[in-house]
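As a plain string of letters, each chain reads:
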Amino acid sequence: MGLNSNRVENISGNEATIIRVSTTDSTLPPPPLEVHRVCLPPKTTTFQKLKHRLSEIFFPDDPLHRFKNQTSLRKLVLGLQFLFPIFQWAPEYDLRLFRSDVISGLTIASLAIPQGISYAKLANLPPIVGLYSSFVPPLIYSILGSSRHLAVGPVSIASLVMGSMLSETVSYSQEPILYLKLAFTATFFAGLFQASLGLLRLGFVIDFLSKATLVGFMAGAAVIVSLQQLKSLLGIVHFTTKMQFVPVMSSVFKQKDEWSWQSVIMGVGFLIFLLTTRHISIRRPKLFWISAAAPLTSVVLSTILVFLLRSKAHGISIIGHLPKGLNPPSSNMIYLSGPFLALAVKTGIITGILSLTEGIAVGRTFAAMKNYQVDGNKEMMAIGLMNMAGSCSSCFVTTGSFSRSAVNYNAGAQTAISNIVMATAVLVTLLFLMPLFHYTPNVILAAIIITAVIGLIDYQAAFRLWKVDKLDFLACVCSFVGVLFISVPLGLAIAVGVSVFKILLHVTRPNTLALGNIPGTHTYQNLSRYREASRVPSFLILAVESPIYFANSTYLLERIMRWVREEEEWIKENNRSALKCLILDMTAVTSIDTSGIDALVEIRKMVEKKSLKLVLASPVGNVTEKLHKSQTLDSFRLNGLYMTVGEAVANISSLWKCQP
């Protein structure tokens, strides 16, 4: 009696080594399904494999493809466009585009000026630093950035994290110069970290901040930021510097004797006004300019009101004197040695990751709306370089703001020139208008901050997480609770830890599924998912939905043998045909290491002790190659390797029928 056998053949010449399925006895009846050969991938050297792997890791987008087959002059032009995206659209820039950019630039300037002052206050920095940070960074980004709609400047989350982390160790009121030095140093290291990620193409580092983590983190941060603004809204003078829910609320009620009715009335009034304009713009996007102009309008009206009532409004604190002039150099204030260097580096890295995540996400969001691409690595370098330059010109951490970018987009921005227009408006303010902000009340800055951060509370996203993935929801809740009750950096660390735990859980405990046949087809699907799928008599077909390596090989061995035991028990209880063959569907096994190979060998030995046959179906190229090199395939040479599950079942069943 002839046997259908699988054998490993080395074919000379340039052809690849293959595993050929051949029929040695033509007298056997043909199987119901044609059996195809399972090929090994073409032979490559270790260096070629390493080169390909590194290319896939660091250059998935093949950034140099446009330079192929180009003249030297064309390569020079493409190189300039690659390094400075402004050269891509500058040759086609015209008056029509400029008109749109001027309108959008002036619109976001009306939002950036009050927000810049407010976010500097949130970071416990002098208000003027917020305006400095709205001037230099946008100019640099307009040359280096690849997004046409990203509006650059200070943002609430990075400001909050910087303020909370630095103030835990250094008092901004008792040691203002040291605090300012550490802020500039943290900004420098944030930029250095961001630019390094872009240069080394290590952007996947920020992917550890999952969507679920950010939803919880931003919601918790928004609540804490809003509660911190009760100091200005209520007119409290002596207030806690801590950023946790319990100390903040305790401080609010302990200082009830300091509450100022003037601050409460003004704060609540303007807060209602700002929230109303925000609601109108959300309901009717064409009226975006209402919410965009509302913060500056509030600043102007409140400043005039306080100026007119300055003799009576003693309970309302004001910003006070703001120096006129351009950004003073601050490179001499960067703190590169001493006991607080580690604090500055840690603060810089954390704020750098958060601002980078926000900036790239915002840029890609609006790029998708206009059907163009944003290069993530270029964005990392652009944001990093602008923060490094900013740290030397009295700026703190900046990135792309969602609120300002949304206004920029709705105002009709066409290119990054809108950032230059905004920076020009800020420049005029710095040079000539600073005295006008002297009587601006702090309470209006608190109202602007609350209005800005309240949009970070995305309860709908949290509800979707609960519906779709409970582990993601757990990460969200841990992040939210951690930020609210422990601290901002520890809350973020807890959330990242939960996300990493989720990854490890999926890696070390992968899914295994029992497959059944869809009647009338050669398709095999999950028995518990498809009611029409039915068990194939004498076969146990399992799908492994993960690479097999050291972290999960022992688990898979134990889980597969448990499947075998449970199948045998089910057969005995239901009086079905005895189990003869175990088929492993390897379609989703994208990789395998030596521990995984050893596990397969051990599984084969254990099932053979039970008089069962182990068959591998649909192995991918590199898995087949490793099994071949380890000589493990030799043990599968007799009908042990098939291209599909359907071919395996059909061919093995036909062989059983031919046996006497």
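These numbers come from a predicted model, not from an experiment.

Engineer: Would you explain the overall build of the protein chain in this entry?
Structural biologist: Along its length, the protein chain carries 25 helices and 11 strands. The C-alpha extent of the protein chain, read off along each of the three principal axes, is 110 × 65 × 55 Å. Relative to its 660 residues, the protein chain shows a buried fraction of 51%. Taking contacts inside the protein chain between residues at least 6 apart in sequence as the whole, the part at least 24 apart equals 77%. Of the charged side chains in the protein chain, 57 are positive and 37 negative, and the gap between their average positions amounts to 8 Å.

Engineer: Just to check I follow, could you spell out the packing of aromatic side chains for this structure?
Structural biologist: How two aromatic rings sit relative to each other is set out by the distance from centre to centre and by the angle between their planes. All chains considered together, the criterion is met by 12 aromatic pairs. Put simply, the rings of Phe 366, Phe 402 and Tyr 409 touch in pairs and so form one group of aromatic residues. Across from the ring centre of Tyr 372, 4.2 Å away, lies the NZ or CZ of Arg 148, which sits over that ring.

Engineer: Please clarify how the sheet that holds strand 10 (residues 613-617) should be interpreted in this entry.
Structural biologist: Pairing in this open sheet of six strands is mixed, and the strands run 7-6-8-9-10-11 from one edge to the other. The open sheet is flanked by strand 7 (524-526) and strand 11 (641-642), the only strands paired with a single partner. Two strands pair when backbone bridges link them, and strand 8 (residues 539-544) and strand 9 (residues 581-585) are joined in this way by five bridges, in the parallel orientation. Within strand 9, the position partnered with Leu 540 by the bridge is Leu 582. Those strands touched by helix 22 (residues 553-574) are strand 6 (512-517), strand 8 and strand 9, and its axis lies near 150 degrees from that of strand 8. The sheet contacts of helix 23 (residues 594-609) involve strand 9 and strand 10, and relative to strand 10 the element is tilted by about 145 degrees.

Engineer: What exactly am I supposed to notice about the pattern of salt bridges here?
Structural biologist: Side-chain pairs of opposite charge can arise where the charged atoms are in close proximity. Per the stated rule, a full pass over the model turns up eight salt bridges. Between Asp 469 and Lys 502 there is a salt bridge; the shortest N-O distance is 3.0 Å. Separated by 33 residues along the polypeptide, Asp 469 in the loop between helix 19 (459-468) and helix 20 (470-485) and Lys 502 in helix 21 (residues 488-508) bring together distant segments of the chain. Residue class for Lys 502 comes out buried when judged on its relative accessible area of 15%. A salt bridge links Lys 629 to Glu 625, with the nearest nitrogen and oxygen atoms 3.6 Å apart. Separated by four residues within a single helix, Lys 629 and Glu 625 lie in helix 24 (residues 621-629), roughly one turn from each other. Given the relative accessible area of 57%, Lys 629 is considered exposed. The exposure class of Glu 625 is buried, given its relative accessible area of 14%.

Engineer: Looking at this structure, I do not really get the nonpolar core. What am I missing?
Structural biologist: The nonpolar side chains of soluble globular proteins are, as a tendency, buried together. Counting 93 residues, the largest nonpolar core has Leu 125 and Leu 354 as the members making the most contacts within it. Sequence-distant contacts of Leu 125, that is, excluding residues within four places in its chain, are made with Ala 120, Tyr 179, Leu 180, Ala 183 and Phe 396. In this structure, Val 544, Leu 600, Leu 612 and Leu 616 belong to the second largest nonpolar core, which totals 31 residues.

Engineer: Is there a simple way to explain helix 23 in this structure?
Structural biologist: In an α-helix there are 3.6 residues to a turn, and that puts residues three or four apart on one side. Taking 1.5 Å of rise per residue, the 16 residues of helix 23 would be expected to cover 22 Å, and the 23 Å separating its terminal C-alpha atoms lies within 8% of that figure. Burial in helix 23 covers these residues: Gly 596, Ile 597, Ala 599, Leu 600, Ile 603, Arg 604 and Val 607. All buried residues of helix 23 fall inside an arc of 155 degrees around its axis, so they share one side. Those residues of helix 23 that are exposed and aimed more than 90 degrees away from the buried face are Thr 594, Asp 598 and Lys 609. Buried positions along helix 23 lie against helix 22, strand 9, strand 10 and helix 24. The opening residue of helix 23 is Asp 593, an N-cap whose side-chain oxygen sits 3.1 Å from the backbone nitrogen of Ser 595.

Engineer: In this structure, what is going on with the environment of Leu 490? I would like to understand it.
Structural biologist: Within the secondary structure layout, Leu 490 lies in helix 21. What makes Leu 490 partly exposed here is its relative accessible area of 48%. Residues Leu 490 and Asn 575, spaced 85 residues apart in sequence, show a C-alpha to C-alpha distance of 58 Å.

Engineer: Explanation requested: the environment of Val 488 in the structure shown.
Structural biologist: Following the sequence through the fold, Val 488 ends up in helix 21. The buried category is assigned to Val 488, whose relative accessible area is 2%. Val 488 sits 328 residues away from Leu 160 along the chain, and the two C-alpha atoms are 8.4 Å apart.

Engineer: Just checking my understanding: could you explain the confidence of the model for the protein chain for this structure?
Structural biologist: Note that predicted coordinates carrying low pLDDT should not be read in detail. When pLDDT is averaged across the protein chain, the result is 85; 94% of the residues are at 70 or more. Every residue in residues 1-31 scores below 50 in pLDDT, and together they form 72 contacts with partners more than four places removed in sequence or on other chains.

Engineer: Where do I start with unusual backbone geometry in this structure?
Structural biologist: With a phi close to 65 degrees, Asn 124 is a non-glycine residue in the positive phi region. Phi is positive for Ser 538, close to 75 degrees, though the residue is something other than glycine. Its relative accessible area of 11% is what places Ser 538 among the buried residues.

Reading the values: the criteria
Residues numbered from 1 in each chain as written. Predicted model: local features only at pLDDT ≥ 70, side-chain atom pairs only at ≥ 80, totals over all residues. Heavy atoms only, no water. Helix = DSSP H or I, 4+ residues; strand = E, 2+ residues; numbered from the N terminus. Buried < 20%, exposed > 50% of the residue type's maximum accessible area, 1.4 Å probe, protein only. Contact = heavy atoms within 4.5 Å. Lys, Arg positive; Asp, Glu negative; His and termini not counted. Charge placed at Lys NZ, Arg CZ, Asp CG, Glu CD. Phe/Tyr/Trp six-rings, centres within 6.5 Å; stacked < 30°, edge-to-face > 60°. Lys NZ or Arg CZ within 6 Å of the ring centre and 35° of its normal. Pairing = 2+ DSSP bridges. Axes fitted to C-alpha atoms, helices over the stretch in contact; angles between N-to-C directions. Salt bridge = Lys/Arg side-chain N within 4 Å of Asp/Glu carboxyl O. Core = buried A, V, L, I, M, F, W, Y, C linked by side-chain atoms within 4.5 Å. Expected span 1.5 Å × (residues − 1). Arc of directions from axis to C-beta. Polar contact = N/O pair within 3.5 Å; in protein donor to acceptor, adjacent residues only side chain to side chain. pLDDT = per-residue confidence, 0-100.

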